[in-house]
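Listed below, chain by chain, are the residues.
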Amino acid sequence: KETQYATTKDVVETYERKTQSLKATLSVEVPFENVHVLPQTPQLIALLSIIRNKTTDRADFIFYSNRIIRLLVEEGLNHLPVIEHAITTPVGRAYNGLMFQGKICGVSIMRAGEAMEQGLRDCCRSVRIGKILIQRDEDTAQPKLFYDKLPDDIADRWVMLLDPMFATGGSAIMAVQVLKAKGVPEDRILFLNLIASPEGINNFVKKFPRLKVVTAFIDEGLDEKNYIVPGLGDFGDRFYTM
Ligand code: PRP
Ligand code: URA
């Protein structure tokens, strides 16, 4: 008798049934075609559960954040343009493949965004990386721009904008304004992010409808201090100093 393998749909449905009975919270869904939420696989939810947990120590926080960042970068690369690329294999056969077209660079929103640089470097060897230092005021949550240093030819590149936390959206909006002022068209920016709030996504999409967002998870919302809830606390503190 032939073995019956589960199809992808079966696997997803089984997982959905399991998560319903296990009560794992999955990402909020939003109706914007430029916002891509990573597939809510058991692996991703388990990784997020580790970094969200307040008892996770810094070494584990870094290790498991890096695993999610890698998934985000790999998904982000799917949104870059490709062209046809025919090659010949060692057994002399032709293969019709694809190759990336165009130059890219990373831009991290400091401090927390710098934590995503290694994940990008691991996938794109010797990628150029620019920096924008924006800090959110702790009382008002308003972003303040301190500094930017970007590749001279950034206007000719695709930009992977990096920041793990997307709360009110103020910092990311300010960073995109810096990039646009340097001549980067909106539709050549990809914002990679670990946890977003629906408020941040809405504010961002209203301002930049052609810019793509790739996020691992959209949470419930924001608390009275404009922290993402349930969230994971202060990403920068947990990654660098706690
Ligand atoms: C955090 C985070 C984002 C911003 C998100 O950075 O990394 O940049 O807040 O909040 P928003 O969407 O409401 O602007 P923060 O300014 O706290 O600095 P840090 O990177 O040094 O932790
Ligand atoms: N910055 C963080 O690190 N976490 C939040 O929840 C909001 C802003």
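Above this text sits the structure in question.
None of these values were measured; they are calculated from a predicted model.

Asker: Please explain the overall build of the chain as it appears in this structure.
Answerer: In terms of helices and strands, the chain carries seven helices and 12 strands. Its C-alpha atoms give the chain a radius of gyration of 19 Å, near enough to 18 Å, the size a compact globule of 242 residues would have. By principal-axis analysis of the C-alpha atoms, the chain measures approximately 65 × 50 × 35 Å. Buried positions account for 42% of the 242 residues belonging to the chain. Within the chain, counting contacts between residues at least 6 apart in sequence, those at least 24 apart form 65% of the total. Each charge sign in the chain was given a centre, from 30 positive and 31 negative side chains, and these centres are 3 Å apart.

Asker: What should I look at first to understand the site of ligand 1 in this one?
Answerer: Surrounding ligand 1, one finds 16 residues, the nearest of these being A112, R136, D163, T168 and S171. G169 places a main-chain nitrogen or oxygen 2.8 Å from an oxygen atom of ligand 1. Compared with its free state, where it exposes 500 Å², ligand 1 has 92% of that area covered by protein. If you map ligand 1 onto the pockets, it falls in the largest pocket. Listed by contribution, the elements that provide at least two residues to the shell around ligand 1 are strand 5 (128-136), strand 8 (165-166) and helix 5 (170-181). The leading source of residues in the shell around ligand 1 is strand 5, at three residues. When the residues that make up the shell around ligand 1 are grouped by side-chain class, the tally is six nonpolar, six polar and four charged.

Asker: Is there a simple way to think about the site of ligand 2 in this case?
Answerer: Near ligand 2, the surroundings consist of R136, M165, A167, Y227, I228, G233, D234 and F235. Protein chains shield 88% of the accessible area of ligand 2, which is 240 Å² for the free molecule. Looking at the shell around ligand 2 residue by residue, the classes come out as five nonpolar, one polar and two charged.

Asker: Please explain the environment of M165 as it appears in this structure.
Answerer: Note on placement: M165 falls in strand 8. Spatially, the C-alpha atoms of M165 and G106 are 16 Å apart, while their sequence positions differ by 59 residues. Beyond its immediate stretch of four places on either side in the chain, M165 contacts N193, I195, I228, L232, G233 and F235.

Thresholds applied
- Residues numbered from 1 in each chain as written.
- Chains lettered and ligands numbered in written order.
- Predicted model: local features only at pLDDT ≥ 70, side-chain atom pairs only at ≥ 80, totals over all residues.
- Heavy atoms only, no water.
- Helix = DSSP H or I, 4+ residues; strand = E, 2+ residues; numbered from the N terminus.
- Rg over C-alpha atoms; globule rule 2.2 N^0.38 Å.
- Buried < 20%, exposed > 50% of the residue type's maximum accessible area, 1.4 Å probe, protein only.
- Contact = heavy atoms within 4.5 Å.
- Lys, Arg positive; Asp, Glu negative; His and termini not counted.
- Charge placed at Lys NZ, Arg CZ, Asp CG, Glu CD.
- Near = heavy atom within 4 Å.
- Polar contact = N/O pair within 3.5 Å; in protein donor to acceptor, adjacent residues only side chain to side chain.
- Areas by Shrake-Rupley, 256 points an atom, 1.4 Å probe, with all protein chains shown as cover.
- 1 Å grid on protein atoms, 1.4 Å probe; cavity = no way out; pocket = protein on both sides within 12 Å on 5 of 7 lines; lining within 4 Å.
- Sits in = over half its atoms within 2 Å of the grid points.
- Nonpolar A, V, L, I, M, F, W, Y, C, P; charged D, E, K, R; others polar.

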